[in-house]
Amino acid sequence: MFVSTNEGTQGQAMFLASFFTGSLSGAAIGGILVDRLGFSTTFLLSAGLSATAALYVVRSLGDETGRTVARKSLLLADFKALLRHRHFAIVTFLSAIPAKVALAGFLYYSVPLYLKGLGYSQSITGRVMMAYGLAIILIGPMVARLADRAHTRRWRFIMLGGYAAALALMVPLLVENMKGAVIAVIGLGVAHAIGVSPQMTLINDRVV
């Protein structure tokens, strides 16, 4: 099933919502498993699930007859041409990369360490991190519909999402303890729900 260009942001939001639906349960289950089984066993279990998913993807990369589809090899010149495209470079370096840095550096690294320093268990930390995915699931599709209606003004959603993410990351400096962490995680989820989905659609509109 193909998504029209007029509904491209909604397609991206659907993908993010599906991804973070699994992340919701994974964050909570991972915290519980760490408390019960320890870090080593949990990492091994995660690695096994990841390897299984990778094998499934490899088996699925073929045409309808099951044969591997031939693809043109990527050259360094292809990356240079892409990076020279102004709109792609702006979205990538000023929006997409900062969003991933905030996701990995704040949500997946700083928040667990911060809550552990406050004395909270791994399972409670996992529940707090679930708020990020929940915000994506609840707000992402609604924002995507608005972004698709905006058409040429999708960049405004990306800007708004970036500013909202910056404000969310400042919350723990102003509000201490668990409350500040929860507000920051929810705020980051809302910000990414606003700004991440329109990125790919905007790139398709301006680059492809």
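Residues numbered from 1 in each chain as written. Predicted model: local features only at pLDDT ≥ 70, side-chain atom pairs only at ≥ 80, totals over all residues. Heavy atoms only, no water.

The number of helices and strands found in the protein is 8 helices and 0 strands. In the protein, the succession of helices and strands from N to C terminus is α-α-α-α-α-α-α-α. A burial count over the protein gives 31% of its 208 residues as buried. For the protein, the proportion of contacts with a sequence separation of at least 24, taken over those separated by at least 6, is 77%. Accessible surface computed for the protein: about 13400 Å², of which carbon and sulfur atoms make up 68%. (Helix = DSSP H or I, 4+ residues; strand = E, 2+ residues; numbered from the N terminus. Buried < 20%, exposed > 50% of the residue type's maximum accessible area, 1.4 Å probe, protein only. Contact = heavy atoms within 4.5 Å. Areas by Shrake-Rupley, 256 points an atom, 1.4 Å probe, with all protein chains shown as cover.)

Glancing now at unusual backbone geometry. For N177, which is not glycine, the phi torsion reads 65 degrees and is therefore positive. Among the secondary structure elements, N177 is positioned in helix 7 (residues 177–195). Since its relative accessible area comes to 43%, N177 is described here as partly exposed.

Below, the discussion takes up the nonpolar core. Core analysis: the biggest nonpolar cluster contains 21 residues, and F106, L107, V111, L115, Y132, V185 and L188 have the highest contact counts within it. Listing elements by their share of this core, those giving two or more residues are helix 4 (86–117), helix 5 (122–150), helix 6 (154–174) and helix 7. If you tally residues by element for this core, the top one is helix 7, at 7 residues. (Core = buried A, V, L, I, M, F, W, Y, C linked by side-chain atoms within 4.5 Å.)

So, about helix 6. In this model, helix 6 (21 residues) spans 31 Å end to end at C-alpha, consistent with the 30 Å of a helix rising 1.5 Å per residue. Considered for burial, the residues of helix 6 that qualify are R154, F157, I158, G161, A165, A168 and V171. The arc enclosing the buried residues of helix 6, seen along the axis, measures out at 120 degrees, which places them on a common side. Summarising the geometry of helix 6, the exposed residues directed more than 90 degrees from the buried face are Y163, L167, L173 and L174. (Expected span 1.5 Å × (residues − 1). Arc of directions from axis to C-beta.)

Helix length check: helix 4, at 32 residues, gives a terminal C-alpha distance of 43 Å against a target of 46 Å (1.5 Å per residue), a fit within 8%. The first or second residue beyond helix 4 is G119, which carries a positive phi of 95 degrees.

Turning next to the side chain of T125. Looking at the secondary structure, you find T125 in helix 5. Looking at T125, the relative accessible area reads 4%, which means it is buried. Of the polar contacts made by the side chain of T125, one reaches the backbone oxygen of S121; its length is 3.0 Å. Leaving out residues up to four positions away in the same chain, T125 has contacts with P112, L115 and Y120. (Polar contact = N/O pair within 3.5 Å; in protein donor to acceptor, adjacent residues only side chain to side chain.)

For the protein, the average pLDDT comes to 79, and 77% of its residues sit at 70 or higher. Model confidence for the protein, summarised as mean pLDDT per element, is weakest for helix 8 (residues 197–206) at 70 and strongest for helix 7 at 92. Long-range and interchain partners of residues 1–5, a stretch whose pLDDT sits below 50, account for 4 contacts in this model, where long-range means more than four residues apart. (pLDDT = per-residue confidence, 0-100.)

A few words now on the environment of G189. Mapped onto the secondary structure, G189 falls in helix 7. Ignoring anything within four residues of it in the chain, the contact list for G189 reads Y132, A135 and I136.

A contiguous nonpolar surface patch, about 580 Å² in accessible area, is contributed by L83, I90, F93, L94, I97 and V101. Ranked by the residues each element gives to the nonpolar patch, the list is headed by helix 4, at 5 residues. Along the chain, L94 turns up in helix 4. Overall, the relative accessible area of 65% leaves L94 in the exposed class. (Patch = residues over 30% accessible without salt bridge, like charges linked within 9 Å, V, L, I, M, F, W, Y side chains within 5 Å. Salt bridge = Lys/Arg side-chain N within 4 Å of Asp/Glu carboxyl O.)

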